[in-house]
Amino acid sequence: MAFSHVLSRDLSDLVGPESFTPVCLSVCLSVCLSVCLSDLVDDATGYGPVFEDQPVDTIYPEESPEAKITMSCRARANPPATYTWRLNSRNIDLDEDNHYTLVGGNLVISNPIKNKHIGKYTCKATNNYGTVVSREAAVQFGYLDFFSSEEREAVYVKEGTGAVLLCAPPPHYPDQLSFRWILNEFPVFIPLDKRRFISQTTGNLFISKVDSSDSGNYSCFVSSASIAKSVFSKFIPLVPLAERPIRKYPADIKVKFPDTFALVGQNITLECFALGNPIPQIRWRKMDGELPANHEVSMAGAHLQLYHVQYEDEGTYECEALNSKGKDWHRARVSVEAFPEWTESISSTERDISSDYTMSCEASGKPKPHVHWLKNGISYDKHDLKFSGLTFENSGMYQCRAENRHGVVYADAELRVIACAPTFEHNPVKRRILGAKNGRVVLECRPKAAPKASLSWSKGSELLFNSSRMLIWEDGSLEILNVTRADEGRYTCFAENDRGKANSTGFLSITEATKITLAPSNADVTAGESASMQCAASHDLTLDITFVWTMDGRSIDFDRDGSHYERNPNGGSSGELVIKNTQLNHSGRYTCTAQTPVDNVSASADLVVRGPPGPPGGVRVEEIRNKSVRLIWSRGADNHSPISKYTVQCRDSFSQEDWRDATTSPPDVEGNAEAAMVVDLFPWTEYEFRVIATNTLGTGDPSSPSPKVTTLEAVPVVAPSDIGGGGGTSKELTITWTPVQPQYYYGRNFGYIIAFKPHDVYEWMKVTVADPEAKHYVHKDSSIHASTEFQVKVKAFNIKGEGPYSLTAVIYSAQDGKLRSRISLLLMESPTLIIRGKTEKRTTDHCTLEASSQRVVVSSRENQTRLENMRPNSPYLIEVRAYNAAGYGPPSHHQIYTKKAPPSRPPKIISKKLKGTSVNIVWEHVEPLANESTIDGYKVLYRKAGLSTGILYTTGKRSIDLPMPKDGDCVVEVRAHSEGGDGAVAQVRISDPAPILYDCRLH
């Protein structure tokens, strides 16, 4: 800069008019040039201040043991910067206030005084090239006073009602506090759950439903992270008052989040909590769309946290509190604004003297930021800085400042206006330039000059001008087309401006052009096969040649993709490419480029890899009916072999893991189809579908599953089976059946209609059983005669109507205990076969044996009965005879052998582990004793603690996954099962760990 100033100044100003002589002129110029060269060296290495560290907002704790504040400021600059500070726009005089000390660029405030040293601070860094101003940083004094020493009044609340304990935090700065509550003594803090909530806005403690366990003394514990201080209030006694019965009341929202402003990128928390009995559930929603993907609900629903807020998260949010007695709701708006952010900024630059230049800044933000400029720390109220004919006075440090109510951002740049004679010192013309015969060559000429130099070229002593083969570009480069050996020679670039002249010379040599002699050919292969692409070229033997292969414009990485691509190892002028084990993604256009340091030439060919089709896309369902849907998809890649057919598969909610081929109409879906009717579906069943394409080369991968859909409801068509019953207590009729499987419910409100009548009565009696899993019905009627024959039939129903009846079965009502039986059955234990009162081991009187036998009397209407309390693994002789008033008829004999006893030892449960939403139970195999039956499997009863019934599972494995319990504890009973019956039982208890997941009671 000093050089340009000296040259632009009249020489008489330097030496005086009386001394201005021709002799002096040369001396002055010599002095001047030496000064300029020195300054040019300085200009090459010097630069204006650039901030590396700036002051930040600081909160100084009033009770801080370190009695000082340090405000940081450091700038990179050459020569080094000097620093000054301002407080509330007034310069700080370090000599007048001994609280201030400058350490480097940092401002240290010793023994700060609140009413004197709070405010907004800025730092200025200055050197020869200009001045920059730091961002503003506020200094505030932080404090958190103690709570009042006055006693807090006790709070009396009826059990079952809600309570609010007020925190009323003491005066403090800053506003951000965190709150907890102490119960009875420090450091016992109350745990938070769906019944208790602490607002982090007010500090108040809310209990939705008070019970006797809440009795105690409560203290509000307040912490300020900014000043690392905590205080707590006097204790507040909470006294629950017993009330019987406990009253229930609807949800009542007491913590309501306000209209909220959030900045883009911030995290915010919305609070909502309700009193109520039963304890209300909290639900959140966004009124004008879905909740943001980056949300989380915590604190049992009382907190909605929005992470990394964006503009699209703006809107009205609602929290709804509900229980069995009623509901309440609250809405408020979340508005999203933004801190200023640069969309177009400035950067340091050098510009020629007398040239035009515009500096421009643009910033986004909400509200829209106001942009203005500073030069060397002095404000310019302009949007853009436009310079027409730059002068040295325009040099300096410029700052662009964008501000809205949320903050300020700065962009800094140095503008340096330069003036100098042309020089090739740092960028001469290349000493040797190579050009390929018949090709194109460009000789660059880029001297440094300000103002811009005019450029010209010569070959030898011949001055060159634009022609059909030669063109001097605007930047001074010389382009020569269709070069030949005659173009070889020395080329010189001349540069000149009003400050001086310079030139630089290089030598152009012409080489033989590179030519493709063997170009790659198109290839067509099936996936898995190999393909090769030939490529050879001739070139100037004085130059090295390399071959580069690309596929669809992307360079092939032989190191990364070496399992499929390899080069021909022959090298030299051949660059053959081999593609091994081709895959579908290897299809494309392959280009071979033969290149030397001077030129390059390319040739291309196409590789087609054929294979099974790709997966169809966009599978979706339309026209949903009770037994059919219309499925639509878009064609996937045919992979160069036409699609011949599509296969539609489905899976339902009863077989989540098993995809099966669906029935379509028409049965065969042709390859040009993009839709099909799927038929023979179950009504009222959740399905998802996928589509698979096939061509002559195989079957492709399946599409992604469609969104889940549920078919429409329909009248049930399956009737219960195995209708039976009879017996029971006197005056009762017991009817049994096998329930319909859930996939045949076909609709909501599924149940059974039982029809029955005595065999000689015309009218049917009907009853409705609403439980879809019911297996029996007991009809009680004092007019029912014992052992009366009934006809029974059962049908299913749902919300759409009634299905068909089952086959009619014949059963009998319970017999009267006073009715005389007509069948006598004699059961005799027999260690060995008994024939005519004799055994192989001993002889015995038949009457003696009969006296020790068991008798069972059966109604004459029955032709079967059950024998109980028999010994295992033992032979028995069974006699059946009829009798009446006249006496006993002749017996029939039958020899049987009972099975071995079931296992006497229970399984040993060795593991109980949580697996997501289920629990895994593992037990050891039961080894039967010699006199016990072989194990066939295991029975697992999963029941509610305190109940005897539950869900029974049968498994051949030694482990089982069961759903976590829903609301209380469950008991798992495991026993071995054999042909001799069920063995001894082992038990394990499962406790409810957290949220409701499953009900282990029998449905």
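Residues numbered from 1 in each chain as written. Predicted model: local features only at pLDDT ≥ 70, side-chain atom pairs only at ≥ 80, totals over all residues. Heavy atoms only, no water.

Asks: Explain the packing of aromatic side chains to me, and be specific about the residues and the numbers.
Replies: In this structure the tally under the stated criterion is 19 aromatic pairs. Ring plane angle 75° and centroid distance 5.3 Å describe the contact between Phe189 and Phe221, whose orientation is recorded as edge-to-face. In this pair, Phe189 sits in the loop between strand S15 (178–183) and strand S16 (196–198) while Phe221 sits in strand S18 (residues 216–224), placing the two residues 32 residues apart along the sequence. For Phe189, a relative accessible area of 24% translates into the label partly exposed. Take Phe221: its relative accessible area is 8%, and that puts it in the buried class. (Phe/Tyr/Trp six-rings, centres within 6.5 Å; stacked < 30°, edge-to-face > 60°. Helix = DSSP H or I, 4+ residues; strand = E, 2+ residues; numbered from the N terminus. Buried < 20%, exposed > 50% of the residue type's maximum accessible area, 1.4 Å probe, protein only.)

Asks: I'd like to hear about the pattern of salt bridges, residue by residue, with values.
Replies: What the rule picks out here adds up to 46 salt bridges. Residue Asp97 pairs with Lys116 through a salt bridge whose shortest N-O separation is 3.5 Å. Taken together, the positions of Asp97 in the loop between strand S6 (90–91) and strand S7 (100–103) and Lys116 in helix H4 (residues 114–117) put the pair 19 residues apart, joining distant regions of the chain. Judged by relative accessible area, which is 41%, Lys116 ranks as partly exposed. Where Arg620 meets Glu622, a salt bridge forms, and the shortest distance between an N and an O atom there is 3.8 Å. Look at the salt bridges and you will find they share partners, linking Asp193, Arg195, Arg196, Asp211 and Asp214 into a network. (Salt bridge = Lys/Arg side-chain N within 4 Å of Asp/Glu carboxyl O.)

Asks: Lay out empty space enclosed by the protein in plain terms, naming residues and giving numbers.
Replies: Counted according to the given criterion, the structure contains two cavities of 30 Å³ or more. Space inside the largest cavity adds up to approximately 50 Å³. Lining the largest cavity, in full, are Asp193, Lys194, Phe273, Ala274, Pro280, Ile282, Met299, Ala300 and Ala302. Looking at the lining of the largest cavity residue by residue, the classes come out as seven nonpolar, no polar and two charged. (1 Å grid on protein atoms, 1.4 Å probe; cavity = no way out; pocket = protein on both sides within 12 Å on 5 of 7 lines; lining within 4 Å. Points joined across faces, edges and corners; volume = space filled by probe spheres on them. Nonpolar A, V, L, I, M, F, W, Y, C, P; charged D, E, K, R; others polar.)

Asks: Quick one: what's the story with unusual backbone geometry, residue by residue and with numbers?
Replies: Here the bond from Asn78 into Pro79 is cis, since omega is 0°, no more than 30 degrees from zero. At the junction of Ala450 and Pro451, the peptide bond is cis and its omega measures out at 0° in the coordinates. Summarising the element assignment, Pro451 is placed in the loop between strand S40 (448–450) and strand S41 (454–459). Despite not being glycine, Asn438 shows a phi value in the positive range, around 65°. With a phi angle near 55°, Asn749 is a residue other than glycine that sits in the positive phi range. On the basis of relative accessible area, Asn749 is assigned to the exposed category, the value being 55%.

Asks: Outline the pairing of strand S3 (residues 68–71), supporting the account with residue identities and numerical values.
Replies: Alternating residues of S3 divide into Ile69 and Met71, all buried, and Lys68 and Thr70, none buried. Here four bridges tie S3 to strand S8 (residues 106–110), and the two strands are oriented antiparallel to one another. Directly across from Lys68, in S8, lies its bridge partner Ser110. (Pairing = 2+ DSSP bridges.)

Asks: Quick one: what's the story with the sheet that holds strand S48 (residues 523–526), residue by residue and with numbers?
Replies: The sheet built from five strands is open, its strands ordered S48-S56-S55-S51-S52 with mixed pairing. The strands lining the two open edges of the sheet, one partner per strand, are S48 and strand S52 (554–555). Where strand S51 (residues 546–551) meets strand S55 (residues 588–595), six bridges bridge the pair, whose relative direction is antiparallel. Bridged to Thr546 within S55 is Gln595.

Asks: Please set out the state of the cysteines residue by residue, giving values where relevant.
Replies: Taken as a whole and judged by the stated rule, the model has six disulfides. Cys73 shares a disulfide with Cys123; S-S distance 2.0 Å. Looking down the S-S bond of the Cys73 and Cys123 bridge, the torsion is -75°, so its handedness is left-handed. Residue Cys73 is located in the loop between S3 and strand S4 (74–78), and its partner Cys123 is located in strand S9 (residues 119–127); the two are separated by 50 residues in the primary sequence. Note on accessibility: Cys73 and Cys123 belong to one class, buried. A sulfur-sulfur distance of 1.9 Å marks the disulfide that ties Cys272 to Cys319. (Disulfide = S-S within 2.5 Å.)

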